[in-house]
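The primary structure of each chain is shown beneath.
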Amino acid sequence: MKQPGTPARKKGLTAIDGAMALIVILLLVQIWLVSATLETYLAGHNETVLPGAIISGTIFLACFGLYLFIERMDAESRGSQR
Amino acid sequence: MNLFRKPSPEPLWRDEFSVFSSDEKYVSRRQFSKFLVLTSMGMFVGNLWILVRSWFSRKPFYPVTAIASAGEIPIGGVKLFPYPNLQEQCILLRTGTDTFVAYSQKCTHLSCAVFYSASKDRLECPCHNGAFSVQDGSPLQGPPRRPLPRVVLARKGDALFATGIHLEG
């Protein structure tokens, strides 16, 4: 069933796309961080492990915050149609 | 600002399986975002696992072990010996009349065994053409970025002892 898109829906979709792009970028940084932390840990340098975990946790929280934003935008955009 | 969205009055099947085709974009994006965030959580758990491992890992014990007598190795000669346990091979080099150096034989790139190249006076890894300095174990060429772990040596008379390992070369 087709439903015409409204400016509010398009705006919501753009915001969701932006948030998703940001999550992807953060995730790439996090993947690099895990591999770098593992590499230095295996090399016997334990001093990088704690900062790595803290930064990784911060990135995860940022991703989770963006996900909540997406959920809210989704609910608002779809709710306005019903 | 309300972070969590309000519970939908719609039944779950209707909320997740869109009736309108324009809603599909939202559902697929939401589910993909959920997947991305779960992946991010997996990465965080990985970092926590490394942290826990580093907290609970014991400090390595390095015994004092007799590895060779000075007279048995000619200048420019090498001897392989296990240290600090039988699984870890190390390489001892005599660089001068009274100078000896010893390094772990594991290349810091992918753990291939390094060997001494007398013609180039350096330690070489045959797997990816890596090379290390004989003087301090620092990488000279190829993919290795970290120096070879250096075995700390002590000499008592003619006997050579390994007493520890320096990770910084």
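By convention here, each chain's residues receive numbers from 1 onward along its written sequence. Think of it this way: whatever chain is written first is A, whatever ligand is written first is 1, and the rest follow in order. At least 70 in pLDDT is required for a residue's local features to be given in this predicted model, at least 80 for side-chain atom pairs to be given and counted, and no such filter applies to totals for whole chains, interfaces and linings, which use all residues. Side-chain metrics rest on all non-hydrogen atoms present in the structure, leaving aside hydrogens and water.

### As for the overall build of chain A
Secondary structure elements follow DSSP: runs of H or I no shorter than four residues count as helices, runs of E no shorter than two count as strands, and numbering proceeds from the N terminus. Within chain A, the regular secondary structure consists of 2 helices and 0 strands. Each residue's exposure class comes from its accessible area (1.4 Å probe, protein chains only) as a fraction of the maximum for that residue type: buried when under 20%, exposed when over 50%, partly exposed otherwise. For chain A, with 82 residues in total, the buried portion stands at 40%. Residue contacts are counted whenever heavy atoms from the two residues lie within 4.5 Å of one another. Within chain A, residue pairs in contact and separated by at least 24 positions form 78% of the contacts whose partners lie at least 6 positions apart. Here the accessible surface of atoms and residues is derived via Shrake-Rupley with a 1.4 Å probe, and residues count as covered only by protein chains that are part of the display. Just so you have it, chain A exposes about 4,400 Å², and 74% of that area is on carbon and sulfur atoms.

### A word on the sheet that holds strand 6 (residues 122-125) of chain B
Two strands in a sheet stick together by hydrogen bonds in their backbones, pointing the same way (parallel) or opposite ways (antiparallel). Residues and elements named next belong to chain B. Pairing is antiparallel across the open sheet formed by 4 strands, whose spatial order is 5-6-7-8. In this open sheet, the two edge strands, each paired with only one partner strand, are strand 5 (115-117) and strand 8 (139-141). The average angle at which neighbouring strand axes cross in this sheet is 40°, direction not considered. Direction of pairing for strand 7 (residues 130-133) relative to strand 8: antiparallel, over a ladder of 2 bridges. Pairing of F132 across the sheet is with P139, part of strand 8. A pair of strands is treated as paired once DSSP finds two or more bridges between them. Working convention: axes come from line fits to C-alpha atoms, limited for helices to the stretch in contact. Angles between N-to-C directions cover 0 to 180 degrees.

### Notes on the packing of aromatic side chains
All names here are of chain B. Pairing of aromatic rings covers Phe, Tyr and the six-membered ring of Trp, with a centre-to-centre limit of 6.5 Å; geometry is then stacked below 30 degrees between planes, edge-to-face above 60, and tilted otherwise. All told, the structure shown has 4 aromatic pairs over all chains when counted by the stated rule. Aromatic pair F32 and F35: ring centres 6.3 Å apart, planes at 25°, arrangement stacked. With F32 and F35 both in helix 2 (residues 21-56), this residue pair falls 3 residues apart, about one helical turn. Given the relative accessible area of 39%, F32 is considered partly exposed. Directly above the ring of F161 sits K156, whose terminal nitrogen or CZ lies 5.4 Å from the centroid. Think of it as a cone above the ring: NZ of Lys or CZ of Arg counts as a charge over the ring if it is within 6 Å of the ring centre and within 35 degrees of the ring normal.

### Let's talk about the pairing of strand 6 of chain B
Residue and element names in this part refer to chain B. Of the two faces of strand 6, the one lined by R122 and E124 and the one lined by L123 and C125 are each fully buried. In the sheet, strand 5 pairs with strand 6 via 3 bridges, with the strands oriented antiparallel. Note on strand 6: the bridge partner recorded for S117 is R122. Connecting strand 5 to the next strand, strand 6, in antiparallel fashion are 4 residues, including D121 with a positive phi near 50°.

### Some points on the environment of R150 of chain B
Residues and elements named next belong to chain B. Mapped onto the elements of the fold, R150 is located in strand 9 (residues 150-156). We classify R150 as partly exposed; its relative accessible area is 28%. A C-alpha to C-alpha distance of 6.4 Å links R150 and S104, two positions 46 residues apart in sequence.

### Some details on the nonpolar core
Among the nonpolar cores identified, the biggest contains 15 residues, and I16, I23, C63 and I70 of chain A together with V37 of chain B are the most heavily contacted of them. A per-element tally of this core places helix 2 (residues 49-79) of chain A first, with 7 residues. Non-local contacts of I23 of chain A, meaning those with residues more than four positions away in its chain, are made with C63, L66, Y67 and I70 of chain A together with L36 and V37 of chain B. Take the buried residues of types Ala, Val, Leu, Ile, Met, Phe, Trp, Tyr and Cys, join any two whose side-chain atoms come within 4.5 Å, and each joined set is a nonpolar core. One finds A70, Y83, L160 and A162 of chain B within the second-largest nonpolar core, a separate group that totals 14 residues.

### Observations concerning the state of the cysteines
Residues and elements named next belong to chain B. Defined by distance alone, a disulfide is two cysteine sulfur atoms within 2.5 Å. Across all of its chains, the model carries 1 disulfide over all chains by this definition. Across the disulfide from C112 sits C127; the S-S distance is 2.0 Å. One disulfide, between C112 and C127, carries an S-S torsion of -105° and so falls in the left-handed class. Residue C112 is found in the loop between strand 4 (100-104) and strand 5, and its partner C127 is found in the loop between strand 6 and strand 7; the two are separated by 15 residues along the sequence. Residue C112 is classed as buried on the basis of its relative accessible area of 17%.

### Things to note about the confidence of the model for chain B
Residue and element names in this part refer to chain B. One number per residue, pLDDT, summarises how confident the predictor is, and it ranges from 0 to 100. Mean pLDDT for chain B: 87, with 84% of residues reaching 70 or above. Here helix 1 (residues 12-16) stands out as the least confident element of chain B, with mean pLDDT 67; strand 7 is the most confident, with 96. Prediction confidence for the complex, expressed as pTM and ipTM, is 0.63 and 0.86 respectively.

### Things to note about the layout of surface pockets
Considered as a void within the structure, the largest pocket measures approximately 1,300 Å³ in volume. In terms of lining, the largest pocket is formed by 35 residues, of which the most central are Y41, L42, A43 and G44 of chain A together with L167 of chain B. At the level of elements, helix 1 (7-42) of chain A together with helix 2 of chain B are the ones that each hand at least two residues to the lining of the largest pocket. For the lining of the largest pocket, the element with the most residues is helix 1 of chain A, which contributes 3 residues. Here the nonpolar group is Ala, Val, Leu, Ile, Met, Phe, Trp, Tyr, Cys and Pro; Asp, Glu, Lys and Arg are the charged ones; every other residue, Gly included, is treated as polar. Classifying every residue of the lining of the largest pocket by side-chain character gives 16 nonpolar, 10 polar and 9 charged. In this analysis a 1.4 Å probe is tested at points of a 1 Å grid over the protein atoms alone, and where it fits but cannot get out there is a cavity; an open set with protein on both sides within 12 Å along at least five of seven lines is a pocket; lining residues have an atom within 4 Å of a point. Grid points are joined across faces, edges and corners, and a volume is the space filled by probe spheres set on the points.

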